[in-house]
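Analysis of the macromolecular model
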Amino acid sequence: MSQGETMIQRFCFIVFLCLLVALCQAEDKKKKFSERKISSEEELWTEYTNAYDQKDIDKKKFLVQNYPAWADSFARRLITSYLSYTLKDKRDVADRMLHVIKDIAQVYEQVFATPYLLQQANFYESLNLKSKKKALEAIIVFFQAQTSKNAMYLFDITTSHQKELDSDKISDELKKEFIKNNRPLSEKSILAAKNLTKEWLIQDPGEDITKKYLLISIQDKIVVYQIELYQQALALYRQIDDYWSIADILTQLGQQSLSQGEMDQAIHWLQESLEFFEKLKDYVNLAKTYNSLGLITCSQKEFKKADEHYHKGLEIARIVENLPAMASLCNNLGALNKILAKYNDAKKFFEESLVFYRTIQDQSGIATVLNNLGTIAFLEKDYDKANRYLEESLALTSMLKDGSGVAHTFKILASVATNQKRYLRAQVCLEESLDILKSLKDSSNINMTDDELKRLKDKYTPAQNDKEYYHEKLRFAKLTKNITGIRDSENKIIEIEKSEKKRMTILIVTFFSLVLASLGYVAWKARKKR
């Protein structure tokens, strides 16, 4: 072999080693970042912006895949900024915003095989200035609807306007009040409704959309609210054919109806939103909406429909590997099968959900699923496994400072302990649950837990100054990292041990005194006989 060939081989070997080291470093860097947990939307925005500036593709993919809802929210915020800076004619800033939006959209499409974010970015870019202005107005109204729960306080007026309002008139003086507060009424405004409880509804068709104002008489003033803001934003979005935002508002209207207990109306809004999400091929929101429909139909005890919705959502989430959606849907399928007493199927879904929640490091989700697995083990009378799952869940909910979650888990642990005839442990768990519920002022659960504790104490003599009792309290205090509880329990144990030691010392002294007295008496009797 010639010297030249040897040099080439050495050079190739060195290049190979350099590449190997670089690959290892890149993998190590990726691994280190993937082990990090993003704790808020704001942190994701910062991390994504840094990754964008550094052109770190792996980091961007990790952020979008594990936090799709926050990435989506970031894109929406940037669209608002893009529209605002465009209308202010600050093109450089607007162009940078648009570039970041498209970057997120491209990563979103790579990860979830859904082009809707990129379509949306292109849609807003293509709008003329008049439509951009309308889009920004719609975004602002939508934001106001979200923050005010669809009814935004505007201003107060005096009760001197009440006479005209009762006469179905909108006086010039009243119109001046609206102008003064930057809410001018058009000539088409009418008093649309009123009632005996001193409420009036003003409807203003305006130029583009109908606005509604609710006036309520409260003591010595009349309070003015702008209502149905979601519907106003929806009307604006329909004018510019913004399907993405229309679907989003329909979802919000569904959630609002759900919170008000209007289940059928919620289903109506959500099913209408599905049509738009399907048009947009928005697989992330499709899975999320099917999940919501599953929860509603399950609450209505329409279990077959709930199962169909959950499975449809899971099928879509699996296609694009949407881990948060897969975790939630599997957990909900587990809960549904638990209701139907199909415990093996429930376990299968809960265990799958746990894997997904651990992958995305969602501690709250992990705690919920562990609680569910503990409940299944309890129902199957596998008490050791139930305790393991529930104690792990307890430690997590305590770390997350989820008071109601901790109280609930303590109650399940009490049920497990009662079935095991470990009444002292059950007593400790119920007392801990009761203390937390009292701090939360949860009156209904306080009464239920108090009744449960009384029934338990009827079964056996309760322990209050027992070392085993405080050892059990100490164990749970350590599990929940309750520093005060640890200190108090340890002090009580020391106090009891000192008392026991003192009693033991008295017993020993008494015993030996008796022995010595007996020996003395025997010796005295012996001398007397002589």
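A brief report on the enclosed structure follows. (Residues numbered from 1 in each chain as written. Predicted model: local features only at pLDDT ≥ 70, side-chain atom pairs only at ≥ 80, totals over all residues. Heavy atoms only, no water.)

**Let's talk about the packing of aromatic side chains**
Summed over all chains, the structure comprises 17 aromatic pairs. Their ring planes at 75° and their centres at 5.2 Å tell us that F178 and Y213 sit as a pair that is edge-to-face. One end of the pair, F178, is in helix α9 (residues 172–180); the other, Y213, is in strand β4 (residues 211–218), with 35 residues separating them in the sequence. Judged by its relative accessible area of 1%, Y213 falls in the buried class. By the ring-pair criterion, three or more aromatic residues cluster together here, those being Y108, F112, Y116 and W244. Its end group placed over the ring of Y85, K88 keeps NZ or CZ at 5.7 Å from the ring centre. Between K348 and the ring centre of F349, over which it is positioned, the NZ or CZ distance is 4.7 Å. (Phe/Tyr/Trp six-rings, centres within 6.5 Å; stacked < 30°, edge-to-face > 60°. Helix = DSSP H or I, 4+ residues; strand = E, 2+ residues; numbered from the N terminus. Buried < 20%, exposed > 50% of the residue type's maximum accessible area, 1.4 Å probe, protein only. Lys NZ or Arg CZ within 6 Å of the ring centre and 35° of its normal.)

**Section: the environment of S518**
Looking at the secondary structure, you find S518 in helix α23 (residues 483–529). Its relative accessible area of 43% is what places S518 among the partly exposed residues. When the C-alpha atoms of S518 and A69 are compared, they prove to be 85 Å apart, with 449 residues separating the residues in sequence.

**Let's talk about the nonpolar core**
By size, the foremost hydrophobic cluster in this structure holds 115 residues, and its most contacted members are Y124, I202, L215 and Y237. The greatest single-element share of this core, amounting to eleven residues, is contributed by helix α5 (residues 91–112). Other than its neighbours up to four places away in sequence, Y237 contacts Y124, A135, A138, I139, F142, D242, S245, I246 and I249. With 34 residues, the next largest nonpolar core counts A386, V428, L453 and I493 among its residues. (Core = buried A, V, L, I, M, F, W, Y, C linked by side-chain atoms within 4.5 Å. Contact = heavy atoms within 4.5 Å.)

**Topic: the pattern of salt bridges**
On inspection of all chains with the given rule, the structure shows 25 salt bridges. For the salt bridge of R318 with E352, the shortest nitrogen-to-oxygen distance reads 2.8 Å. Of this pair, R318 sits in helix α14 (residues 303–319) while E352 is found in helix α16 (residues 343–359), placing the two residues 34 residues apart along the sequence. With a relative accessible area of 35%, R318 lands in the partly exposed category. (Salt bridge = Lys/Arg side-chain N within 4 Å of Asp/Glu carboxyl O.)

**Concerning the sheet that holds strand β3 (residues 199–204)**
A sheet is described by the order of its strands in space; here five strands give the open sequence β1-β5-β4-β3-β2, paired in antiparallel fashion. Across the chains shown, the open sheet's two edge strands, defined by having one partner strand only, are β1 (151–158) and β2 (190–195). Here the average twist between neighbouring strands, direction ignored, is 25°. (Pairing = 2+ DSSP bridges. Axes fitted to C-alpha atoms, helices over the stretch in contact; angles between N-to-C directions.)

**Describing the environment of T147**
Tracing the sequence through the fold places T147 in helix α7 (residues 129–148). Reaching out from T147, the side chain makes a polar contact with the backbone oxygen of Q144 at a distance of 3.2 Å. (Polar contact = N/O pair within 3.5 Å; in protein donor to acceptor, adjacent residues only side chain to side chain.)

**As for the pairing of β3**
Regular strands show a simple pattern: their side chains alternate between the two faces of the sheet. Bridge count between β2 and β3: five bridges; the pairing is antiparallel. If you follow L191 over to β3, its bridge partner there is I202. Strand direction decides the pairing type here: β3 and β4, joined by six bridges, are antiparallel. Of the residues in β4, the one forming a bridge with Q203 is K212. Remark: six residues form the turn of the hairpin made by β3 and β4, two consecutive strands paired antiparallel; G206 in that turn has positive phi of roughly 60°.

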